[in-house]
Amino acid sequence: MRVKLAKQAENKQPHKYKLLITALVLGILAVIIGASFTGVCAISVGGEIIAYGENKKQVDKIINRLTSEKSQVLGQEVTVGKDLELKTTKSSKEPLNEQELYAVLAGKVDFVTRGVLVKIKGSPELQFKNRATADSFFQKLKERYRTGANCEVSIAEKTEIIEQEININELDTIERALQLAQQGKDKPIRHIVQENDTLWDLAVTYDTSVEELMRLNPETSENLQLGQEIITSGYAPLLTVISEFELTQEEKIPFETEYINDSSLPRGTSKTIRQGEPGIKKVTYRVTAQNGKITEKKIVTEDVIKEPQAGIVNRGTKFVLSFRGGGALVWPASGSVTSRLGPRWGRSHTGIDIDAGYGSQVWAAGPGRVVSAGWNGGYGQMVAISHGNNVVTRYAHLSSINVKAGQTVDSRQFIGRVGTSGNTTGPNLHFEVLINGAQKNPLNYL
Ligand SMILES: [Zn+2]
């Protein structure tokens, strides 16, 4: 700067005296300026000056103090990073005193140590102060998923431990690393919507809640679109710990129930003769779990300790008419009731007429035995079924008959078709219920 000024002066002032005076003035000026530019130690980090110290010796002393303090705290040697530069220079800046310098250097200088970097699937993820700490981290992580003495624990991902210089501020503690390993850094797990996926299904599959899924996917409506991407978790664990172990547990063996027909019990009722009892078996599984969640369970051995005892239940087969609502009789045809039991045209109507179309099906109103099937005077083509206990049902005016006398029928069995045979004004099913030979109102038993 001074040289430049002098040169400019020379060029602009060729005159001898003026030149001399100018040189003299400039010389005095230089002495004054020079006196204010004292020798200091410029401290820079990464090329940027962060402070000035009195001299290199003073700065070195403070740095040594800092590295020795930090070494003591960390329990191993700490040095300053490569990007710290000390340079003796002249500057008008006031150098900092030791106390100020200590504070600035402590905050702005990188302190490094020979630590280890842990790469997971090739990507740098964790940094420890040394290999022993990294080993201890892996050990502790595995311990968290060890279920017992015979549990084999391994880590699914390929990991590498590389020794290198690490900024001490970026070192992971074992606790922090364990948290990251299990909860992961911010790496959302995504799911592509498949056919029939619902938010509820995804919540179950990914062990979360519908509310959480809605929170993670604010744009999503409840109607998922095929192929849509859904974030199912905010975090993906850094590491997958696989535990394999044997699990032995006692399990119940379900019992079976044997049903025996009992003609002394009313139909629709049953009586337990012997209570079934579950058996007990000892099952040993080979279990595989990922981060504590069971992903596979294979049976290794299965020993029956106690056989199950089958239950015995007697099931009633006796047909008993129940009065209204018991449901012993079923409707023999589908249609509305057009004529009820009672006086009709000066005579007594002995049953009900069901308005079913010509040729439509007629069914047995209950299980029993066909006692007659054929022409019966004014009834026309008629079927009569005895249900036991002196209960008989009759089906009249049929157009065709599909059963024979002596044959047993089940409830709802097809027995013939609606017609107009006998005394009838049109196609309908005339249906009667007789108990001890007396006509009863069928509507009371349907
Ligand atoms: Zn009738």
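Scroll up to find the structure this text is about.
The rules behind the values
Residues numbered from 1 in each chain as written. Predicted model: local features only at pLDDT ≥ 70, side-chain atom pairs only at ≥ 80, totals over all residues. Core = buried A, V, L, I, M, F, W, Y, C linked by C-beta atoms within 7 Å. Buried ≥ 20, exposed ≤ 12 C-beta atoms within 10 Å, placed from the backbone. Helix = DSSP H or I, 4+ residues; strand = E, 2+ residues; numbered from the N terminus. Contact = placed C-beta atoms within 7 Å. Axes fitted to C-alpha atoms, helices over the stretch in contact; angles between N-to-C directions. Parallel < 35°, antiparallel > 145°, perpendicular 65-115°, else oblique. Left-handed = near helix turned anticlockwise from the far one by under 90°. Pairing = 2+ DSSP bridges. Nonpolar A, V, L, I, M, F, W, Y, C, P; charged D, E, K, R; others polar.

(A) Molecular detail of the nonpolar core. Counting 28 residues, the largest nonpolar core has V362, M382, V383, Y395, L398, I415 and L429 as the members making the most contacts within it. Elements with a minimum of two residues in this core: strand 20 (352-355), strand 21 (361-363), strand 22 (368-375), strand 23 (381-386), strand 24 (391-401), strand 26 (414-418) and strand 27 (429-435). For V362, the residues in contact, after removing those within four places along its chain, are P332, A333, Y395, L398, I415, G416, R417, V418 and L429. Counting 13 residues, the second largest nonpolar core, distinct from the first, contains V116, L126, F137 and L238.

(B) A look at the packing of helix 5 (residues 131-144) against helix 6 (residues 174-183). Helix 6 packs onto helix 5 with a crossing angle of 50° between their chain directions and a minimal axis gap of 10 Å. Relative to helix 6, the element helix 5 is oriented oblique. In this structure, helix 5 crosses over helix 6, and the sense of that crossing is right-handed. Residue-level contacts link T133, S136, F137, K140 and L141 of helix 5 to I174, A177, L178 and A181 of helix 6.

(C) Here's a closer look at the environment of V210. Checked against the element boundaries, V210 lands in helix 8 (residues 210-216). Classification of V210 by C-beta neighbours within 10 Å gives partly exposed; the count is 15.

(D) Summary view of the pairing of strand 15 (residues 293-306). Of all 14 residues in strand 15, zero are buried; the element is thus mostly exposed. Pairing between strand 14 (residues 279-290) and strand 15: 11 bridges, direction antiparallel. By the bridge assignment for strand 15, A289 is matched with I294. In sequence, strand 14 turns back onto strand 15 through a hairpin of two residues, with N291 there showing a positive phi of about 45°.

(E) Examining the sheet that holds strand 13 (residues 270-274) more closely. On the basis of which strands lie adjacent, the open sheet formed by three strands has the order 12-16-13 and mixed pairing. Strands with a single pairing partner mark the edges of an open sheet, and in this sheet they are strand 12 (257-266) and strand 13. The sheet shows a mean angle of 30° between the axes of neighbouring strands, direction not considered. As defined by bridge partners, strand 12 adjoins strand 16 (residues 311-318) across seven bridges and the pair is classed as parallel. What sits directly across from I260, in strand 16, is N314.

(F) Inspection of the packing of helix 3 (residues 56-74) against helix 4 (residues 98-108) at higher detail. The contact between helix 3 and helix 4 brings their axes to 10 Å, and the two run at 55°. With respect to helix 4, the element helix 3 is oriented oblique. Remark: the crossing between helix 3 and helix 4 carries right-handed chirality. Of the residues in helix 4, those in contact with Q58, V59, I62, I63 and L66 of helix 3 are E98, L101, Y102, L105 and A106. Grouping the constituent residues of the contact of helix 3 with helix 4 by class yields eight nonpolar, one polar and one charged.

(G) Up close: the environment of G292. Within the secondary structure, G292 sits in the loop between strand 14 and strand 15. Along the sequence, G292 and R146 sit 146 residues apart, while their C-alpha atoms lie 8.9 Å from each other.

(H) Focus on the environment of K119. Assignment of secondary structure puts K119 in strand 5 (residues 111-120). Counting along the chain gives 41 residues from K119 to E160, while the straight-line C-alpha distance between them is 5.0 Å. Excluding residues that lie within four positions of it along the chain, K119 makes contacts with P124, E125, T159, E160 and I162.

(I) Looking closely at the sheet that holds strand 15. Taking strand neighbours across the sheet as the criterion, the four strands line up as 7-11-14-15 in an open arrangement whose pairing is antiparallel. On the outer flanks of this sheet lie strand 7 (152-155) and strand 15, each paired with one strand and no other. Between one strand and the next, the sheet's axes are offset by a mean angle of 25°, whatever the strand orientation. Strand direction decides the pairing type here: strand 7 and strand 11 (residues 241-253), joined by four bridges, are antiparallel. In the sheet register, I155 faces strand 11, and the bridge partner there is V241.

Keep in mind these numbers describe shape, not what the thing actually does.
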